[in-house]
Amino acid sequence: MKKTNSFILFGRAFKNAKSDFWVSIQVLLVVTVILTIVFYLAEHRAQPEEYRTPLDALVWAATRYIGDPGNFAGNGPVTLIGRYIDTIIGIMDILIFAVPAGLVANGFRKAMEDEKHKNYMEAIRLRVFKAFRQVHSPTFDEYRDRHPEISNHLYFFTPRKVSIAKLEVKGLKLSDILDIVNNYPEFRLKNMATAVSSESQPEDRLVVEHFPLNTDYGYCKDRNSNITIVASSSTAEVGTGWFAYYLAKFGGFNLICKELEVDPDEPDSFSAMPSQIQVDGFTKKELETDPKANRDRLALIDKKQARRESFLNDLKALCKGENSWCIILLSHIKNQTNTNDIHFAHCKKDGSDLAVNDMDAYISMLQKMQSTMQDEFSITSVQSSRYPLKSSSLVYKVRKDKPEVNGFAVRVSTDIVCFDARTHAIMHSMASVINNSFNGQGMQPAEDEMFKKRLFGYTE
(Lines give C-alpha, C1' and ligand atoms only; values in the text may rest on other atoms or scores of the structure.)
Protein backbone atom coordinates (compact mmCIF):
# COMPACT_ATOMS: atom_id res chain seq x y z
CA MET A 1 0.00 0.00 0.00
CA LYS A 2 1.41 3.40 -0.95
CA LYS A 3 2.34 5.56 2.05
CA THR A 4 1.43 9.22 2.18
CA ASN A 5 4.24 11.80 2.32
CA SER A 6 4.81 13.19 5.85
CA PHE A 7 4.45 16.77 4.59
CA ILE A 8 1.06 15.90 3.14
CA LEU A 9 0.03 14.40 6.46
CA PHE A 10 1.19 17.55 8.27
CA GLY A 11 -0.86 19.65 5.84
CA ARG A 12 -3.89 17.50 6.59
CA ALA A 13 -3.17 17.84 10.32
CA PHE A 14 -3.14 21.64 10.08
CA LYS A 15 -6.29 21.56 7.98
CA ASN A 16 -8.00 19.36 10.58
CA ALA A 17 -6.95 21.73 13.38
CA LYS A 18 -7.46 25.00 11.49
CA SER A 19 -10.96 25.79 12.71
CA ASP A 20 -10.17 24.89 16.34
CA PHE A 21 -6.89 26.78 16.07
CA TRP A 22 -8.56 30.04 15.04
CA VAL A 23 -11.27 29.65 17.68
CA SER A 24 -8.63 29.25 20.41
CA ILE A 25 -6.72 32.30 19.15
CA GLN A 26 -9.91 34.36 19.12
CA VAL A 27 -10.79 33.28 22.66
CA LEU A 28 -7.30 34.20 23.92
CA LEU A 29 -7.48 37.60 22.22
CA VAL A 30 -10.91 38.38 23.67
CA VAL A 31 -9.82 37.33 27.16
CA THR A 32 -6.64 39.41 26.79
CA VAL A 33 -8.61 42.52 25.83
CA ILE A 34 -11.00 42.09 28.77
CA LEU A 35 -8.13 41.57 31.22
CA THR A 36 -6.31 44.56 29.74
CA ILE A 37 -9.30 46.84 30.36
CA VAL A 38 -9.57 45.67 33.99
CA PHE A 39 -5.79 46.05 34.34
CA TYR A 40 -5.95 49.62 33.01
CA LEU A 41 -8.76 50.60 35.36
CA ALA A 42 -6.77 49.31 38.36
CA GLU A 43 -3.30 50.58 37.41
CA HIS A 44 -4.35 53.95 35.97
CA ARG A 45 -5.36 55.13 39.45
CA ALA A 46 -2.12 53.93 41.00
CA GLN A 47 0.23 54.85 38.10
CA PRO A 48 -1.48 57.51 35.95
CA GLU A 49 1.79 58.49 34.28
CA GLU A 50 2.62 54.90 33.30
CA TYR A 51 -0.88 53.89 32.10
CA ARG A 52 -2.40 57.02 30.64
CA THR A 53 -4.69 55.18 28.15
CA PRO A 54 -5.98 51.60 27.65
CA LEU A 55 -3.50 51.34 24.77
CA ASP A 56 -0.62 51.54 27.27
CA ALA A 57 -2.14 48.59 29.15
CA LEU A 58 -2.59 46.66 25.90
CA VAL A 59 1.08 47.28 24.97
CA TRP A 60 2.10 46.00 28.39
CA ALA A 61 0.00 42.83 27.90
CA ALA A 62 1.51 42.24 24.44
CA THR A 63 5.05 42.46 25.88
CA ARG A 64 4.15 39.74 28.39
CA TYR A 65 3.49 37.45 25.40
CA ILE A 66 6.37 38.35 23.08
CA GLY A 67 8.90 40.06 25.34
CA ASP A 68 9.88 43.76 25.38
CA PRO A 69 13.05 44.31 23.32
CA GLY A 70 12.13 47.99 22.69
CA ASN A 71 11.38 48.84 26.34
CA PHE A 72 7.82 49.92 25.54
CA ALA A 73 6.06 48.49 28.55
CA GLY A 74 7.37 50.61 31.43
CA ASN A 75 6.80 49.55 35.04
CA GLY A 76 4.81 46.51 35.98
CA PRO A 77 1.65 46.44 38.12
CA VAL A 78 1.66 47.71 41.69
CA THR A 79 -1.96 47.00 42.62
CA LEU A 80 -3.22 43.63 43.87
CA ILE A 81 -5.67 43.34 40.96
CA GLY A 82 -2.92 44.20 38.51
CA ARG A 83 -0.66 41.50 39.93
CA TYR A 84 -3.45 38.92 39.69
CA ILE A 85 -3.99 39.86 36.06
CA ASP A 86 -0.23 39.73 35.49
CA THR A 87 -0.27 36.14 36.78
CA ILE A 88 -3.23 35.16 34.60
CA ILE A 89 -1.63 36.64 31.50
CA GLY A 90 1.58 34.79 32.34
CA ILE A 91 -0.38 31.54 32.31
CA MET A 92 -2.03 32.56 29.03
CA ASP A 93 1.45 33.21 27.63
CA ILE A 94 2.03 29.48 27.97
CA LEU A 95 -1.39 28.61 26.54
CA ILE A 96 -0.85 30.71 23.43
CA PHE A 97 1.81 28.23 22.33
CA ALA A 98 0.62 25.11 24.09
CA VAL A 99 -2.98 25.12 22.83
CA PRO A 100 -2.19 25.48 19.08
CA ALA A 101 0.61 22.94 19.40
CA GLY A 102 -1.79 20.52 21.06
CA LEU A 103 -4.41 21.13 18.39
CA VAL A 104 -1.93 20.51 15.57
CA ALA A 105 -0.68 17.36 17.32
CA ASN A 106 -4.25 16.13 17.69
CA GLY A 107 -4.90 16.98 14.02
CA PHE A 108 -1.76 15.07 13.04
CA ARG A 109 -2.95 12.05 15.02
CA LYS A 110 -6.36 12.28 13.34
CA ALA A 111 -4.71 12.61 9.90
CA MET A 112 -2.68 9.46 10.58
CA GLU A 113 -5.81 7.62 11.73
CA ASP A 114 -7.67 8.79 8.62
CA GLU A 115 -4.82 7.62 6.41
CA LYS A 116 -4.79 4.26 8.17
CA HIS A 117 -8.58 3.97 7.75
CA LYS A 118 -8.31 4.98 4.09
CA ASN A 119 -5.74 2.22 3.45
CA TYR A 120 -7.91 -0.25 5.34
CA MET A 121 -10.99 0.71 3.31
CA GLU A 122 -9.07 0.41 0.05
CA ALA A 123 -8.01 -3.11 1.05
CA ILE A 124 -11.64 -4.01 1.82
CA ARG A 125 -12.78 -2.43 -1.47
CA LEU A 126 -10.32 -4.66 -3.31
CA ARG A 127 -11.70 -7.73 -1.54
CA VAL A 128 -15.28 -6.80 -2.45
CA PHE A 129 -14.15 -6.11 -6.02
CA LYS A 130 -12.48 -9.54 -6.21
CA ALA A 131 -15.76 -11.13 -5.14
CA PHE A 132 -16.92 -10.16 -8.66
CA ARG A 133 -14.48 -12.53 -10.34
CA GLN A 134 -15.77 -13.39 -13.79
CA VAL A 135 -17.21 -16.89 -14.19
CA HIS A 136 -18.59 -18.92 -17.07
CA SER A 137 -22.19 -20.10 -17.31
CA PRO A 138 -22.84 -23.84 -17.81
CA THR A 139 -26.27 -23.10 -19.31
CA PHE A 140 -24.67 -20.70 -21.79
CA ASP A 141 -22.15 -23.41 -22.69
CA GLU A 142 -25.05 -25.71 -23.52
CA TYR A 143 -26.67 -22.95 -25.58
CA ARG A 144 -23.38 -22.38 -27.40
CA ASP A 145 -23.15 -26.08 -28.24
CA ARG A 146 -26.55 -25.84 -29.95
CA HIS A 147 -25.41 -22.84 -31.99
CA PRO A 148 -22.28 -23.65 -34.00
CA GLU A 149 -22.04 -20.04 -35.22
CA ILE A 150 -20.80 -19.09 -31.74
CA SER A 151 -17.06 -19.64 -31.34
CA ASN A 152 -16.18 -22.74 -29.36
CA HIS A 153 -14.64 -21.30 -26.22
CA LEU A 154 -15.75 -20.37 -22.71
CA TYR A 155 -17.30 -16.96 -22.19
CA PHE A 156 -16.68 -15.34 -18.79
CA PHE A 157 -19.21 -13.00 -17.18
CA THR A 158 -19.16 -10.64 -14.22
CA PRO A 159 -21.64 -11.94 -11.60
CA ARG A 160 -25.02 -10.21 -11.52
CA LYS A 161 -24.67 -9.62 -7.78
CA VAL A 162 -22.89 -10.94 -4.69
CA SER A 163 -24.89 -11.60 -1.55
CA ILE A 164 -24.00 -10.01 1.78
CA ALA A 165 -23.84 -13.52 3.26
CA LYS A 166 -21.22 -14.59 0.72
CA LEU A 167 -19.05 -11.58 1.56
CA GLU A 168 -19.43 -12.26 5.27
CA VAL A 169 -18.35 -15.86 4.72
CA LYS A 170 -15.18 -14.44 3.16
CA GLY A 171 -14.48 -12.76 6.50
CA LEU A 172 -15.79 -9.27 5.75
CA LYS A 173 -17.72 -7.45 8.46
CA LEU A 174 -21.18 -6.09 7.64
CA SER A 175 -20.13 -2.60 8.79
CA ASP A 176 -17.17 -2.66 6.37
CA ILE A 177 -19.36 -3.83 3.48
CA LEU A 178 -21.81 -0.99 4.14
CA ASP A 179 -18.93 1.50 4.31
CA ILE A 180 -17.64 0.31 0.94
CA VAL A 181 -21.07 0.63 -0.66
CA ASN A 182 -21.51 4.12 0.79
CA ASN A 183 -18.04 5.42 -0.11
CA TYR A 184 -17.19 3.79 -3.45
CA PRO A 185 -19.62 4.69 -6.26
CA GLU A 186 -19.02 1.54 -8.34
CA PHE A 187 -20.92 -0.53 -5.75
CA ARG A 188 -24.49 -0.34 -4.52
CA LEU A 189 -26.73 -2.26 -2.17
CA LYS A 190 -29.91 -3.86 -3.49
CA ASN A 191 -32.74 -5.87 -1.98
CA MET A 192 -33.66 -8.85 -4.15
CA ALA A 193 -37.14 -8.87 -2.61
CA THR A 194 -37.92 -5.79 -4.73
CA ALA A 195 -37.52 -7.94 -7.86
CA VAL A 196 -40.23 -10.38 -6.76
CA SER A 197 -44.00 -9.92 -6.78
CA SER A 198 -45.48 -9.07 -3.39
CA GLU A 199 -47.90 -11.95 -4.03
CA SER A 200 -45.02 -14.29 -3.17
CA GLN A 201 -44.38 -12.50 0.12
CA PRO A 202 -40.61 -12.43 -0.48
CA GLU A 203 -38.15 -12.03 2.38
CA ASP A 204 -35.54 -9.29 2.25
CA ARG A 205 -32.22 -10.42 0.81
CA LEU A 206 -29.46 -7.85 0.52
CA VAL A 207 -26.89 -8.10 -2.27
CA VAL A 208 -24.10 -5.93 -3.61
CA GLU A 209 -24.09 -4.88 -7.27
CA HIS A 210 -20.97 -3.80 -9.13
CA PHE A 211 -21.01 -1.77 -12.34
CA PRO A 212 -18.63 0.14 -14.64
CA LEU A 213 -18.33 3.93 -14.43
CA ASN A 214 -16.87 6.45 -16.88
CA THR A 215 -19.28 9.43 -16.68
CA ASP A 216 -20.90 11.53 -13.95
CA TYR A 217 -24.20 9.65 -14.45
CA GLY A 218 -22.83 6.15 -14.97
CA TYR A 219 -21.52 4.51 -18.12
CA CYS A 220 -21.40 5.28 -21.84
CA LYS A 221 -19.85 3.09 -24.56
CA ASP A 222 -19.78 4.12 -28.21
CA ARG A 223 -19.17 1.11 -30.45
CA ASN A 224 -20.09 3.06 -33.60
CA SER A 225 -23.20 0.92 -33.94
CA ASN A 226 -26.53 2.01 -35.38
CA ILE A 227 -28.18 0.37 -32.34
CA THR A 228 -28.03 1.84 -28.83
CA ILE A 229 -29.15 0.08 -25.65
CA VAL A 230 -30.31 2.49 -22.95
CA ALA A 231 -30.53 1.40 -19.30
CA SER A 232 -32.17 4.52 -17.94
CA SER A 233 -33.32 2.99 -14.63
CA SER A 234 -30.32 0.96 -13.50
CA THR A 235 -30.22 2.74 -10.16
CA ALA A 236 -33.83 1.82 -9.39
CA GLU A 237 -34.11 -1.67 -10.90
CA VAL A 238 -32.18 -4.71 -9.73
CA GLY A 239 -29.91 -6.17 -12.42
CA THR A 240 -31.05 -4.02 -15.36
CA GLY A 241 -27.65 -2.39 -15.84
CA TRP A 242 -25.91 -5.77 -15.83
CA PHE A 243 -28.41 -7.17 -18.35
CA ALA A 244 -28.02 -4.12 -20.61
CA TYR A 245 -24.22 -4.34 -20.43
CA TYR A 246 -24.06 -7.90 -21.76
CA LEU A 247 -26.95 -7.49 -24.20
CA ALA A 248 -25.01 -4.60 -25.78
CA LYS A 249 -21.71 -6.47 -25.64
CA PHE A 250 -23.17 -9.55 -27.34
CA GLY A 251 -24.69 -7.47 -30.12
CA GLY A 252 -21.87 -4.98 -30.54
CA PHE A 253 -24.34 -2.21 -29.68
CA ASN A 254 -23.72 1.19 -28.14
CA LEU A 255 -24.58 1.35 -24.45
CA ILE A 256 -25.56 4.09 -22.05
CA CYS A 257 -26.55 3.41 -18.43
CA LYS A 258 -27.69 5.62 -15.60
CA GLU A 259 -25.93 4.13 -12.59
CA LEU A 260 -25.64 7.10 -10.19
CA GLU A 261 -28.11 9.39 -8.42
CA VAL A 262 -27.45 12.98 -7.39
CA ASP A 263 -29.73 12.47 -4.39
CA PRO A 264 -30.50 8.83 -3.48
CA ASP A 265 -33.38 9.98 -1.27
CA GLU A 266 -35.06 11.67 -4.26
CA PRO A 267 -34.11 9.67 -7.38
CA ASP A 268 -34.47 11.43 -10.71
CA SER A 269 -36.21 9.38 -13.40
CA PHE A 270 -34.45 9.26 -16.78
CA SER A 271 -36.84 6.78 -18.42
CA ALA A 272 -39.76 9.19 -18.08
CA MET A 273 -38.31 12.65 -17.62
CA PRO A 274 -40.74 15.17 -16.12
CA SER A 275 -40.59 18.63 -17.64
CA GLN A 276 -39.55 20.15 -14.31
CA ILE A 277 -37.20 18.73 -11.69
CA GLN A 278 -38.44 18.91 -8.12
CA VAL A 279 -36.70 18.80 -4.75
CA ASP A 280 -38.83 18.24 -1.64
CA GLY A 281 -41.88 18.77 -3.84
CA PHE A 282 -40.78 22.22 -5.06
CA THR A 283 -39.80 23.27 -8.58
CA LYS A 284 -36.92 25.61 -9.34
CA LYS A 285 -39.31 28.48 -10.06
CA GLU A 286 -40.99 28.06 -6.67
CA LEU A 287 -37.66 27.91 -4.85
CA GLU A 288 -36.33 31.01 -6.59
CA THR A 289 -38.86 33.15 -4.70
CA ASP A 290 -36.44 32.90 -1.75
CA PRO A 291 -33.05 31.93 -3.24
CA LYS A 292 -31.07 32.56 -0.06
CA ALA A 293 -33.18 30.21 2.08
CA ASN A 294 -33.34 27.61 -0.71
CA ARG A 295 -29.72 27.77 -1.81
CA ASP A 296 -28.98 24.08 -1.17
CA ARG A 297 -32.18 22.93 -2.89
CA LEU A 298 -31.49 25.11 -5.93
CA ALA A 299 -27.95 23.76 -6.12
CA LEU A 300 -29.36 20.22 -6.04
CA ILE A 301 -31.78 21.00 -8.88
CA ASP A 302 -28.96 22.53 -10.94
CA LYS A 303 -26.83 19.45 -10.40
CA LYS A 304 -29.69 17.16 -11.39
CA GLN A 305 -30.36 19.25 -14.48
CA ALA A 306 -26.70 19.17 -15.51
CA ARG A 307 -26.55 15.39 -15.12
CA ARG A 308 -29.77 14.95 -17.10
CA GLU A 309 -28.42 17.12 -19.92
CA SER A 310 -25.14 15.20 -19.93
CA PHE A 311 -27.03 11.91 -20.28
CA LEU A 312 -29.30 13.23 -23.02
CA ASN A 313 -26.44 14.78 -25.00
CA ASP A 314 -24.45 11.55 -24.88
CA LEU A 315 -27.49 9.50 -25.89
CA LYS A 316 -28.25 11.74 -28.86
CA ALA A 317 -24.60 11.53 -29.93
CA LEU A 318 -24.84 7.72 -29.92
CA CYS A 319 -27.92 7.74 -32.18
CA LYS A 320 -26.39 8.28 -35.60
CA GLY A 321 -28.06 8.27 -39.00
CA GLU A 322 -31.47 7.33 -40.37
CA ASN A 323 -31.07 3.64 -39.62
CA SER A 324 -30.36 4.24 -35.92
CA TRP A 325 -32.33 2.46 -33.21
CA CYS A 326 -32.70 3.62 -29.61
CA ILE A 327 -33.84 0.76 -27.36
CA ILE A 328 -34.87 1.64 -23.81
CA LEU A 329 -34.33 -1.41 -21.59
CA LEU A 330 -36.46 -1.69 -18.45
CA SER A 331 -37.64 -4.50 -16.20
CA HIS A 332 -41.03 -5.51 -14.84
CA ILE A 333 -42.28 -7.92 -12.19
CA LYS A 334 -44.52 -10.79 -13.26
CA ASN A 335 -47.63 -11.53 -11.24
CA GLN A 336 -51.01 -13.21 -11.64
CA THR A 337 -52.28 -10.50 -14.00
CA ASN A 338 -48.98 -9.87 -15.79
CA THR A 339 -47.74 -13.23 -17.01
CA ASN A 340 -45.76 -12.25 -20.12
CA ASP A 341 -41.98 -12.29 -19.95
CA ILE A 342 -41.03 -9.51 -22.40
CA HIS A 343 -43.07 -6.43 -23.34
CA PHE A 344 -42.33 -4.18 -26.33
CA ALA A 345 -43.79 -0.67 -26.73
CA HIS A 346 -43.35 1.79 -29.59
CA CYS A 347 -46.28 4.21 -29.17
CA LYS A 348 -48.76 5.66 -26.69
CA LYS A 349 -51.70 3.70 -25.31
CA ASP A 350 -54.10 4.96 -27.97
CA GLY A 351 -51.70 3.97 -30.76
CA SER A 352 -50.62 7.55 -31.50
CA ASP A 353 -47.13 9.10 -31.69
CA LEU A 354 -45.31 6.18 -33.27
CA ALA A 355 -41.66 6.22 -32.21
CA VAL A 356 -40.64 3.89 -35.06
CA ASN A 357 -40.15 5.05 -38.64
CA ASP A 358 -39.22 1.70 -40.15
CA MET A 359 -42.26 -0.32 -39.07
CA ASP A 360 -41.44 -3.21 -41.40
CA ALA A 361 -38.11 -3.82 -39.66
CA TYR A 362 -39.69 -3.38 -36.23
CA ILE A 363 -42.57 -5.82 -36.91
CA SER A 364 -40.14 -8.31 -38.41
CA MET A 365 -37.94 -8.06 -35.32
CA LEU A 366 -40.93 -8.47 -33.01
CA GLN A 367 -42.16 -11.57 -34.84
CA LYS A 368 -38.69 -13.09 -34.92
CA MET A 369 -38.21 -12.32 -31.21
CA GLN A 370 -41.54 -13.92 -30.30
CA SER A 371 -40.79 -17.14 -32.18
CA THR A 372 -37.17 -17.37 -31.02
CA MET A 373 -37.94 -16.76 -27.35
CA GLN A 374 -40.82 -19.22 -27.43
CA ASP A 375 -38.98 -21.96 -29.29
CA GLU A 376 -35.66 -21.64 -27.46
CA PHE A 377 -36.76 -20.78 -23.92
CA SER A 378 -40.59 -21.03 -23.72
CA ILE A 379 -40.65 -17.28 -23.06
CA THR A 380 -43.54 -15.06 -24.17
CA SER A 381 -42.82 -11.78 -25.96
CA VAL A 382 -45.66 -9.37 -26.75
CA GLN A 383 -46.36 -5.96 -28.20
CA SER A 384 -47.45 -4.38 -24.94
CA SER A 385 -50.69 -2.64 -24.10
CA ARG A 386 -49.73 -2.83 -20.43
CA TYR A 387 -46.61 -0.65 -20.69
CA PRO A 388 -47.21 1.91 -23.47
CA LEU A 389 -44.93 4.88 -24.02
CA LYS A 390 -45.85 8.11 -22.26
CA SER A 391 -45.43 11.66 -23.49
CA SER A 392 -42.51 12.11 -21.07
CA SER A 393 -40.74 8.93 -22.25
CA LEU A 394 -37.06 9.18 -23.08
CA VAL A 395 -37.74 7.96 -26.63
CA TYR A 396 -39.65 11.16 -27.40
CA LYS A 397 -36.89 13.30 -25.86
CA VAL A 398 -34.45 11.83 -28.38
CA ARG A 399 -36.80 12.04 -31.33
CA LYS A 400 -37.58 15.69 -30.63
CA ASP A 401 -34.11 16.62 -31.89
CA LYS A 402 -33.57 13.53 -34.05
CA PRO A 403 -36.88 12.52 -35.66
CA GLU A 404 -35.04 10.07 -37.94
CA VAL A 405 -34.23 7.84 -34.93
CA ASN A 406 -36.32 4.71 -34.38
CA GLY A 407 -37.14 4.15 -30.74
CA PHE A 408 -38.98 1.67 -28.58
CA ALA A 409 -38.97 0.31 -25.04
CA VAL A 410 -38.53 -3.30 -24.01
CA ARG A 411 -39.37 -4.53 -20.53
CA VAL A 412 -37.83 -7.84 -19.49
CA SER A 413 -39.20 -9.61 -16.44
CA THR A 414 -37.11 -9.67 -13.30
CA ASP A 415 -37.44 -13.46 -13.41
CA ILE A 416 -35.15 -13.37 -16.47
CA VAL A 417 -32.95 -10.45 -15.42
CA CYS A 418 -32.27 -11.56 -11.85
CA PHE A 419 -32.98 -15.25 -11.37
CA ASP A 420 -33.04 -17.31 -14.58
CA ALA A 421 -29.97 -19.53 -15.04
CA ARG A 422 -30.42 -19.16 -18.81
CA THR A 423 -30.12 -15.37 -18.73
CA HIS A 424 -26.81 -15.30 -20.63
CA ALA A 425 -28.27 -17.42 -23.42
CA ILE A 426 -31.44 -15.29 -23.49
CA MET A 427 -29.35 -12.12 -23.78
CA HIS A 428 -27.32 -13.58 -26.64
CA SER A 429 -30.41 -14.72 -28.47
CA MET A 430 -32.12 -11.34 -28.04
CA ALA A 431 -28.99 -9.55 -29.24
CA SER A 432 -28.80 -11.77 -32.32
CA VAL A 433 -32.43 -11.08 -33.28
CA ILE A 434 -32.03 -7.32 -32.80
CA ASN A 435 -28.74 -7.25 -34.69
CA ASN A 436 -30.05 -9.23 -37.67
CA SER A 437 -33.32 -7.30 -37.84
CA PHE A 438 -31.76 -3.83 -37.76
CA ASN A 439 -28.60 -4.53 -39.78
CA GLY A 440 -26.24 -4.11 -36.85
CA GLN A 441 -22.52 -4.75 -37.03
CA GLY A 442 -22.47 -7.56 -34.49
CA MET A 443 -19.89 -8.19 -31.82
CA GLN A 444 -16.42 -7.14 -32.93
CA PRO A 445 -13.38 -9.49 -32.70
CA ALA A 446 -11.71 -7.45 -29.95
CA GLU A 447 -14.83 -7.68 -27.80
CA ASP A 448 -15.08 -11.41 -28.46
CA GLU A 449 -11.48 -11.87 -27.31
CA MET A 450 -12.26 -10.15 -24.01
CA PHE A 451 -14.91 -12.78 -23.29
CA LYS A 452 -12.17 -15.41 -23.18
CA LYS A 453 -10.31 -13.76 -20.30
CA ARG A 454 -11.24 -14.47 -16.73
CA LEU A 455 -10.78 -11.18 -14.93
CA PHE A 456 -12.31 -9.29 -12.01
CA GLY A 457 -15.29 -7.02 -12.51
CA TYR A 458 -15.84 -5.22 -15.79
CA THR A 459 -13.06 -5.03 -18.34
CA GLU A 460 -13.87 -1.58 -19.73
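How each quantity is defined
- Residues numbered from 1 in each chain as written.
- Predicted model: local features only at pLDDT ≥ 70, side-chain atom pairs only at ≥ 80, totals over all residues.
- Heavy atoms only, no water.
- Helix = DSSP H or I, 4+ residues; strand = E, 2+ residues; numbered from the N terminus.
- Rg over C-alpha atoms; globule rule 2.2 N^0.38 Å.
- Buried < 20%, exposed > 50% of the residue type's maximum accessible area, 1.4 Å probe, protein only.
- Contact = heavy atoms within 4.5 Å.
- 1 Å grid on protein atoms, 1.4 Å probe; cavity = no way out; pocket = protein on both sides within 12 Å on 5 of 7 lines; lining within 4 Å.
- Points joined across faces, edges and corners; volume = space filled by probe spheres on them.
- Nonpolar A, V, L, I, M, F, W, Y, C, P; charged D, E, K, R; others polar.
- Expected span 1.5 Å × (residues − 1).
- Patch = residues over 30% accessible without salt bridge, like charges linked within 9 Å, V, L, I, M, F, W, Y side chains within 5 Å.
- Areas by Shrake-Rupley, 256 points an atom, 1.4 Å probe, with all protein chains shown as cover.
- Salt bridge = Lys/Arg side-chain N within 4 Å of Asp/Glu carboxyl O.
- Phe/Tyr/Trp six-rings, centres within 6.5 Å; stacked < 30°, edge-to-face > 60°.
- Lys NZ or Arg CZ within 6 Å of the ring centre and 35° of its normal.
- Arc of directions from axis to C-beta.
- pLDDT = per-residue confidence, 0-100.
- Pairing = 2+ DSSP bridges.
- Axes fitted to C-alpha atoms, helices over the stretch in contact; angles between N-to-C directions.

## A closer look at the overall build of the protein chain
Check the secondary structure of the protein chain and you find 14 helices and 14 strands. A globule of 460 residues ought to have a C-alpha radius of gyration of about 23 Å, yet the protein chain, at 33 Å, is considerably larger. Principal-axis analysis of the C-alpha atoms places the extent of the protein chain at approximately 110 × 50 × 45 Å. Counting across all 460 residues of the protein chain, residues that qualify as buried make up 46%. For the protein chain, the proportion of contacts with a sequence separation of at least 24, taken over those separated by at least 6, is 77%.

## A few points about the layout of surface pockets
Volume-wise, the largest pocket comes out at about 370 Å³. The wall of the largest pocket is formed by 17 residues, among which Phe 187, Arg 188, Glu 259, Glu 261 and Pro 264 lie closest to the centre. The element best represented in the lining of the largest pocket is strand β4 (residues 187–191), accounting for four residues. Looking at the lining of the largest pocket residue by residue, the class counts come to ten nonpolar, three polar and four charged.

## Brief notes about helix α13 (residues 423–437)
Spanning 15 residues, α13 covers 21 Å between terminal C-alpha atoms, matching the ideal 21 Å at 1.5 Å per step. Among the 15 residues that make up α13, 13 are buried, leaving the element largely enclosed by the rest of the structure. Asn 439 occupies a position one or two residues after α13 and carries a positive phi of about 55 degrees.

## What to know about the side chain of Asp 268
As for its position among the elements, Asp 268 is in the loop between β8 (254–258) and β9 (278–279). Residue class for Asp 268 comes out buried when judged on its relative accessible area of 10%. Not counting the four nearest positions on each side in its chain, Asp 268 is found in contact with Lys 258, Glu 261, Ile 277, Lys 304 and Arg 308.

## Notes on a nonpolar patch on the surface
A cluster of nonpolar side chains, contributed by Val 33, Ile 37, Leu 41, Leu 55, Leu 58 and Val 59, occupies part of the molecular surface with about 500 Å² of accessible area. Residue assignment for the nonpolar patch shows that the elements contributing at least two residues are α1 (6–46) and α2 (54–66). Take Val 33: it is sitting in helix α1.

## Quick word on unusual backbone geometry
Look at Asp 280: it is not a glycine, yet its phi comes out positive at around 55 degrees. Even without a glycine there, the phi angle at Asn 439 is positive, about 55 degrees. Mapped onto the elements of the fold, Asn 439 is located in the loop between α13 and α14 (445–450). For Asn 439, a relative accessible area of 59% translates into the label exposed.

## A closer look at the environment of Leu 206
One can find Leu 206 in strand β5 (residues 206–210). Put simply, Leu 206 and Glu 261 are 55 residues apart on the chain and 19 Å apart in space, counted from C-alpha to C-alpha. Discounting chain neighbours no more than four positions away, the residues touching Leu 206 are Ser 163, Ile 164, Leu 189, Lys 190 and Asn 191.

## Some remarks on the packing of aromatic side chains
Applying the stated rule across the entire model yields 26 aromatic pairs. Seen in terms of ring centroids, Trp 242 and Tyr 246 are 5.8 Å apart; in terms of plane orientation they differ by 65 degrees. Their pairing is edge-to-face. With Trp 242 and Tyr 246 both in helix α7 (residues 240–251), this residue pair falls four residues apart, about one helical turn. The residues Trp 242 and Tyr 246 share a single accessibility class, namely buried. A connected cluster of aromatic rings, assembled from ring pairs, spans Phe 140, Tyr 143, Tyr 155, Phe 157, Tyr 219, Trp 242, Tyr 245, Tyr 246, Phe 250, Phe 377, Phe 451 and Tyr 458. If you follow Arg 125 out to its NZ or CZ, it ends over the ring of Phe 129, 5.8 Å from the centre. Over the face of the ring belonging to Phe 451 we find Lys 249, whose NZ or CZ atom lies 5.5 Å from the ring centre.

## Let's talk about helix α4 (residues 138–146)
Within the span of α4, buried status applies to Phe 140, Asp 141, Tyr 143 and Arg 144. Burial along α4 is one-sided: seen end-on, the buried residues are contained in an arc of 160 degrees. Relative to its buried face, α4 has exposed residues pointing more than 90 degrees away, namely Pro 138 and Asp 145. Against the buried residues of α4 lie β1 (135–136), β2 (156–157), α7, α10 (359–377) and α13.

## Overview of the environment of Ser 391
Mapped onto the elements, Ser 391 comes out in the loop between β13 (381–383) and α11 (394–401). Taking the relative accessible area as the measure of exposure, Ser 391 reaches 56% and is therefore exposed. Distance from Ser 391 to Ile 124, taken between C-alpha atoms, is 45 Å for residues 267 residues apart in sequence. For Ser 391, the contacting residues outside a window of four places in its chain are Lys 348 and Tyr 396.

## Details of the confidence of the model for the protein chain
In this model, the protein chain carries a mean pLDDT of 88, and residues with pLDDT of at least 70 account for 92%. Mean pLDDT in the protein chain bottoms out at α1, which sits at 74, and peaks at strand β7 (residues 227–231), which reaches 98.

## Details of the sheet that holds β13
The strand order across the open sheet formed by seven strands is β6-β8-β7-β11-β14-β12-β13, and the pairing between neighbours is mixed. Both edges of this open sheet fall to β6 (218–221) and β13, since each of them pairs with a single strand only. With direction set aside, neighbouring strand axes in the sheet form an average angle of 20 degrees. Here α10 sits on the sheet and contacts β11 (325–332), β12 (342–345), β13 and β14 (406–413); the angle it forms with β13, its principal contact strand, is near 150 degrees.

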